[in-house]
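The primary structure of each chain is shown beneath.
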Amino acid sequence: MKSFIITVFCAVFLAFPAIACSHPDMYVHGFGGANYLTMSESTDMEVTPLPGYMVGVGVGFILGQMRFEFEGTYRHNDYKENVPIGPTIYFDRGHFDKITSFVNVFYDFPIEFFIDYLTPYIGVGGGHKFDMESIKIRFLPYSGGMWIDEYKSRVNGFSGQLILGLGLPLSEHTITKMEYRFLKDEQGLANHSFVLNFDRAF
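What you are looking at is a predicted structure, and each value in this text was computed from that prediction instead of being measured.

Participant: So what exactly am I meant to see when it comes to the environment of Tyr90 here?
Facilitator: Residue placement: Tyr90 occurs in strand 4 (residues 89-108). Taking the C-alpha atoms as reference, Tyr90 lies 9.6 Å from Ile148; in sequence the two are 58 residues apart.

Participant: Can you help me understand a nonpolar patch on the surface in this one?
Facilitator: Residues Tyr117, Leu168, Leu170, Met178, Leu196 and Phe198 make up a contiguous nonpolar surface patch of roughly 630 Å² in combined accessible area. Secondary-structure assignment places Met178 in strand 7 (residues 174-184).

Participant: Explain the layout of surface pockets to me, please; I cannot follow it from the model alone.
Facilitator: By rolling a water-sized probe across the atoms, one finds the places where empty space is left. Its boundaries defined by the atoms lining it, the largest pocket holds a volume of some 440 Å³. Considering the residues around the largest pocket, the lining is formed by 24 residues, among which Ile62, Arg67, Asp108, Ile175 and Lys177 are closest to the centre. Among the elements of the structure, strand 5 (119-139), strand 6 (147-169), strand 7 and strand 8 (189-201) are those that each provide at least two residues to the lining of the largest pocket. The residue inventory of the lining of the largest pocket, partitioned by class, reads 10 nonpolar, 7 polar and 7 charged.

Participant: Even after reading the chapter, I still don't get the side chain of Glu69, so can you show me in this structure?
Facilitator: Checked against the element boundaries, Glu69 lands in strand 3 (residues 66-78). When its relative accessible area of 4% is taken as the criterion, Glu69 is described as buried. Ignoring any residue separated from it by four or fewer positions in sequence, one finds Glu69 in contact with Tyr27, His29, Val59, Gly60, Phe102, Val103, Asn104 and Phe106.

Participant: Can you walk me through the pairing of strand 7 in this structure?
Facilitator: A regular strand places its side chains so that they alternate between the two faces of the sheet. Pairing of strand 7 with strand 8 involves 11 bridges; the strand directions are antiparallel. Directly across from Ile175, in strand 8, lies its bridge partner Asp199. The hairpin formed by strand 7 and strand 8 contains 4 residues between the paired strands, and Gly188 there has a positive phi angle of roughly 80 degrees.

Participant: Mind showing me how you'd approach the pairing of strand 1 (residues 26-39) here?
Facilitator: Bridge analysis of strand 1 against strand 2 (residues 52-63) gives 10 bridges, and the strand direction is antiparallel. In the strand pairing of strand 2, Asn35 is matched with Gly52. Bridge count for strand 1 against strand 8 is 13 bridges, and the pairing is antiparallel. Bridging from a neighbouring strand, His29 pairs with Asp199 of strand 8.

Participant: Looking at this structure, how should I read the packing of aromatic side chains?
Facilitator: Each pair of aromatic rings is reported with the distance of its centres and the angle of its planes. Under the defined criterion, the tally for this structure stands at 6 aromatic pairs. When the ring of Tyr107 is compared with that of Phe109, the centres are 5.1 Å apart and the planes differ by 90 degrees; the resulting orientation is edge-to-face. Taking the relative accessible area as the measure of exposure, Phe109 reaches 27% and is therefore partly exposed. Relative to Phe194, the ring of Tyr180 lies with its centre 5.3 Å away and its plane at 40 degrees, an arrangement referred to as tilted. Within this pair, whereas Tyr180 is found in strand 7, its partner Phe194 is found in strand 8, the two being separated by 14 residues in sequence. Overall, Tyr180 belongs to the partly exposed group, its relative accessible area being 24%. Overall, the relative accessible area of 47% leaves Phe194 in the partly exposed class.

Here is what the cut-offs are and how they apply
Residues numbered from 1 in each chain as written. Predicted model: local features only at pLDDT ≥ 70, side-chain atom pairs only at ≥ 80, totals over all residues. Heavy atoms only, no water. Helix = DSSP H or I, 4+ residues; strand = E, 2+ residues; numbered from the N terminus. Patch = residues over 30% accessible without salt bridge, like charges linked within 9 Å, V, L, I, M, F, W, Y side chains within 5 Å. Areas by Shrake-Rupley, 256 points an atom, 1.4 Å probe, with all protein chains shown as cover. Salt bridge = Lys/Arg side-chain N within 4 Å of Asp/Glu carboxyl O. 1 Å grid on protein atoms, 1.4 Å probe; cavity = no way out; pocket = protein on both sides within 12 Å on 5 of 7 lines; lining within 4 Å. Points joined across faces, edges and corners; volume = space filled by probe spheres on them. Nonpolar A, V, L, I, M, F, W, Y, C, P; charged D, E, K, R; others polar. Buried < 20%, exposed > 50% of the residue type's maximum accessible area, 1.4 Å probe, protein only. Contact = heavy atoms within 4.5 Å. Pairing = 2+ DSSP bridges. Phe/Tyr/Trp six-rings, centres within 6.5 Å; stacked < 30°, edge-to-face > 60°.

Following this line, the structure appears as structure tokens:
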């Protein structure tokens, strides 16, 4: 399933420039940066997510001061290792992966609203998410020896995000953007992403 989704997004991203050449208000973009995962709900295992990363690609078009995008993203965070769960039970390793396909809507504020050449914007998005979690636990019985148990979870559902950004043109057709992205799930999970985004218009 994961490889199929990635293949579809790559095919769309590679095929889009040929379509965009005849539509000057269209653009492609790629982005990446740091991702911080937080858990608001307590669990039996006191695991701590470590700082991770986020990458994504997308296509969009401009309509006045509004922008509409379709994007695919991948987020990855490892869990902190060797967190004691009990006197003979230990967290060994784990990670959390998230794949999303979102439709985003943006509003670009007028340049006069801020500073020349810098364009602030705000956006919201929603769509499908696919979460994958893997955790390994080590058991050390008092009688000696050791055995390992692995827990895996797969969750599909709807998710939404808020995006705040600041754009800086590099050339007539290229814009670099600094973004903060907040993504909230119903399971008490939240992602805070700080990314660098490059847009290329055709």
